[in-house]
Amino acid sequence: MKTKAAILRSSGQDWQVVELELDPPKANEVLIRFVAAGLCHSDEHLRTGDLPARYPIVGGHEGAGIIEQVGPGVTRVKPGDHVVCSFIPSCGRCRWCSTGRQNLCDLGATILDGSLPDQTFRFHADGEDVGAMCMLGTFSQWSVISEYSCVPVDPDLPLEKAVLVGCGVPTGWGSAVYAAGVRPGDTVVIYGIGGIGINAVQGARHAGAKNVVAVDPVAFKREKAEELGATHSVASAQEAQDLVTQLTLGVGAEHAIVTVGVVGEEVVEAAFNVIGKGGTVTITGLGGLAEKTVHLSGTILTLFEKRVQGTLFGSANPIYDIRKMLDLYRAGQVKLDELVTNTYRLEQINQGYQDLLDGKNIRGVLIHEH
Amino acid sequence: MLCVALETGRHVVLEGPPGTGKSTLLRATARAAGIGLVFVEGNAELTPARLLGHHDPALVLQAGYRPEAFVEGPLLRALREGMLLYVEELNRVPEETLNVLITALAEGEVVVPRVGTVRAAPGFRLVAAMNPFDAVGTARIGQAVYDRVCRISVPYQDEPGELEIVRRATGTDSPHAPLAVAVARATRSHPDVRMGASVRGAIDMVHLAEGLKRLRGEARASAETLRDAALAAFTGRIRLDEASGRRPEEVVIEILEHLGDPASRDPPRQTMASGRVLEGCSAARALREGERRTLGRAQLAAAHPEFVHLSPGVGQLREEAWERFWHQQPDRAVEILADLAAATDPELRRRARRLAGRVLVRAASCGPRQRGYRRLAAGEEGDLDLERTLERAQGRPRGPEDLVLRGWRSAERATCLVIDQSGSMRGRGLAMAALAAASISLAAAGRLACSVLAFSRNVVVLQAQGQPREVTALVGDVLRLRAGGTTDLALALRAAAAQLARADAAERCAVLISDCLATAGGDPLAALGGIDRLHVLGTGAEPESVRRGRELAARTGGRYLEATGVREVAAALGRLFRPG
């Protein structure tokens, strides 16, 4: 079948909306009609080349849609099911899945090549294989994806809101709640308030943090952060350092969470300095793959027992936590409506990313037309 | 700015709190520019006829409708002679009269039956003054008026400015002027005060302090003298926040004490730990926050066995099935409907709210109230409707019974519905409350005389007194409420009294839907001031709940009715509100 999709032909170019050929699903695969896709910074990393991907590739790894057809052997979903996609599949039987670390599933090996687990491609343009970001390609009207990327959700949830819990919300929320393990009474500093950082704010608040300090140069994002639970917001890392010193009487924060768009040496160092003894820096954001972004005093690390750690998908479990986020939304605890700042049509995708870079969006959402 | 606006022929609204010199400014400007000025005091009795003019009934009866029988009103005079029409307190003017003004502003002419068209002579301009914070007896000014005028905001003067005004007004250089001005300014930022005092309060305090000092033979005014002067000058001028539960005397004394100690000249902190009265934007926010909590299909199915039948799929609501159910078991039916109106499924939620609006409004309908024309009875007031009088009496009215009046009296009864949304009010309770809101709103239709509040720890104003809303929108908002929280009955009753105080009515009546078991705040029996009659629809079945409800109702001579189901509530409210 044919589908319209936004693709990158190589790094450094803009998104192009083209018509692609889409193969039917093979074993353990499904055909999904995407209703909505989130504009996440990781796709921008593909465009700039920070993430080493195989081109051409269909963008988009935050998606929600409805299953239209299933291939042989599919048991997790059936046609008509409403699904939120997980940007990392979880097979349930690899070493990581079977030890409670589904965010590290081995099937994730090809998420940047964009092939399906059997190493072949379902998107084609003039006979050439086209990959799908995170094996999803949610910037396409339709896609064929692995059943292991699917998390079925209740059909009464609005998919254009639920789409956010495929990546940004659990990644941010989990960074604070699971990866960092924020405890009641902690002081938490969150660097960078985008689609991830804003949810780290929500998570830190849920975990009972006493002070949730949001750091972002854009005033609109600082206000959003306070709307969603930050107790303080400042424009720069230096202000955060001064504020935390004052708030904790010089002790320092328990946690720093780095969720900036492009992680560099400076922000990691600022985060390392803002935490006190026994504190933890959790790095969720991405930077250039080859770049050395963690450059710190190992002696301080030792003497103050500081910790620096990374986290993927907020160390959350896609199957469990995607649904949990939606349950929390239903109960009025996790805010999703406030996160969607703008919606776009597929043809407006470059505008959407420009708005993201201009700091206008907490989260932009692409609404597909069929 | 005002000079330029007048020079260029713009219409102007001066907006600012009382005592900021709006009238003084306008008079001075008009005098300096040599423009004629027609003054009109805006109030609820300013009818179109009083603004335009009327035919002298005696002359009409004698000689018929002739030009000389017409007595010109201020608007016509200003139009004809190209003068400045100054309307004070514009927001107290009834809507019908505002409409006449809009025509004059928009068309530059007005048409008066049997007089003809009066065109505006060059130089005609409207200047209106209003106090945007005034909530007593005021109506909202429509966009249509705002669209045709320039708005000039007249805020309070700064401290040196106010000192200067006090000096000039009192004609003395009293040593108490700085304190008096400081007290007046402090009342405007005090957390318990809704509407602070203008500089007039400071002027009076200086006069009183000087006078008292002489009378008591003091060389320097004692603290007591200053306190007495401040109490007399300010307690009547400030309007307290209904939630504060304090008396004006306490607040003025607190301000004086703070000012006496220069180290603590920050505004005093609010000491009450109790809830707040939320109105306007904050009420909307409270509703939105509550509305976040929704019910999934699985939860709805678990709570109601009929759910699957009523909503077989996402976004579906079988209205005819629900209607059948409603005829068999109305209470269960509305209980489910209230829950469906809180569904996560946006389409189902929308349908359920629409259905609820329709059904509850239908159930609540008790016939629209007549408004408009009445025949004269002894002791009644209103404008004489010449046309109808002549028509009725075939040209020759013989006695007062033949005179037809156009009703301009204020509503006889102002009603405030007070809905308990604390933990005990789920499902059915909410549906009964929505029905009651519909009933009361319909009974008061068009008469600007009903308000609706919901409360638990805080009070949310769903409909403010004098600002009627569309009934289905109001019902929808009641269904957006989520039960939960403590029950501060005293706060709710005080808030109701404050709403009722805004209405110009002979009887101020409140209807409370509650189990009457207060779990927060003070004694509700002590909070009945300002409510002439409180009717209670009791939702609790326990003896304690019934006893408390009866006690509350009995204290004001109101009735206690058991709200056991929707039909009963509709009937009970019908008895309380049926016209005639």
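Residues numbered from 1 in each chain as written. Chains lettered and ligands numbered in written order. Predicted model: local features only at pLDDT ≥ 70, side-chain atom pairs only at ≥ 80, totals over all residues.

Student: Whenever I open this one, the nonpolar core confuses me. Can you help?
Tutor: Soluble globular proteins tend to pack their nonpolar side chains together in the buried interior. Of all hydrophobic cores here, the largest spans 117 residues; its most connected members are V188(A), V189(A), I190(A), V213(A), V258(A) and A271(A). Built from parts of two domains, this core gets at least three residues from each of domain 1 (2-166 + 336-367) and domain 2 (173-312) of chain A. Residues in contact with V188(A), not counting those within four places in the same chain, are A176(A), V182(A), A204(A), A209(A), N211(A), V212(A), V213(A), A253(A), E254(A), H255(A) and I257(A). By size, the runner-up hydrophobic cluster in this structure holds 94 residues, among which are F307(B), I419(B), L453(B) and L474(B). (Core = buried A, V, L, I, M, F, W, Y, C linked by C-beta atoms within 7 Å. Buried ≥ 20, exposed ≤ 12 C-beta atoms within 10 Å, placed from the backbone. Domains from an automatic or database assignment. Contact = placed C-beta atoms within 7 Å.)

Student: Explain helix α5 (residues 219-227) of chain A to me, please; I cannot follow it from the model alone.
Tutor: Each turn of an α-helix holds 3.6 residues, which means side chains three or four residues apart point in the same direction. Residue and element names in this part refer to chain A. Every buried residue of α5 is accounted for by K221, K224 and A225. Down the axis of α5, the buried set is contained in an arc of 100 degrees. They therefore lie on one face. Looking at the packing, one finds that the buried side of α5 touches α4 (197-206), β12 (211-215) and β13 (232-234). G229, located one to two residues past α5, shows a positive phi value of around 125 degrees. (Helix = DSSP H or I, 4+ residues; strand = E, 2+ residues; numbered from the N terminus. Arc of directions from axis to C-beta.)

Student: Would you mind going over helix α3 (residues 168-180) of chain A with me for this structure?
Tutor: Residues and elements named next belong to chain A. At G174, α3 shows its maximal kink, close to 50 degrees. The buried fraction of α3 is high, at 13 of 13 residues. In the stretch just after α3, G181 is the one whose phi turns positive, near 70 degrees. (Bend = angle between axes of the 7 residues up to and from the residue.)

Student: Teacher, can you tell me more about the pairing of strand β20 (residues 533-538) of chain B here?
Tutor: Residues in a regular strand project their side chains so that they alternate between the two faces of the sheet. All names here are of chain B. With five of six residues buried, β20 is to be regarded as a mostly interior element. Bridging between β20 and strand β21 (residues 560-562) involves three bridges; their strand directions are parallel. Within β21, the residue paired with V536 across the bridge is Y560. Running through helix α23 (residues 543-555), the crossover from β20 to the neighbouring parallel element β21 is right-handed. (Pairing = 2+ DSSP bridges. Right-handed = clockwise from strand over helix to strand, strands pointing away.)

Student: I would appreciate a short explanation of the sheet that holds strand β16 (residues 413-420) of chain B in the present structure.
Tutor: Sheets are built from strands paired through backbone hydrogen bonds, the pairs being either parallel or antiparallel. Residues and elements named next belong to chain B. Spatial ordering of the open sheet is given by β12-β18-β17-β16-β19-β20-β21, a layout of seven strands whose pairing is mixed. Where the open sheet ends on each side, the last strands, each with one partner, are β12 (277-278) and β21. On top of the sheet, α23 reaches β20 and β21; it is set at about 160 degrees to β20, its chief contact. (Axes fitted to C-alpha atoms, helices over the stretch in contact; angles between N-to-C directions.)

Student: Explain the interface of chain A and chain B to me, please; I cannot follow it from the model alone.
Tutor: Each partner contributes residues to the interface: chain A has eight residues there, and chain B has eleven residues. Class assignment of the residues belonging to the side of chain A that touches chain B gives a composition of four nonpolar, one polar and three charged. (Nonpolar A, V, L, I, M, F, W, Y, C, P; charged D, E, K, R; others polar.)

Student: In this structure, what is going on with the environment of L417(B)? I would like to understand it.
Tutor: Residues and elements named next belong to chain B. Mapped onto the elements of the fold, L417 is located in strand β16. For the pair L417 and V511, spaced 94 residues apart in sequence, the C-alpha separation works out to 4.8 Å. Apart from residues lying up to four places away in sequence, L417 is in contact with A436, A437, I440, V452 and V511.

By themselves these figures say nothing about function.
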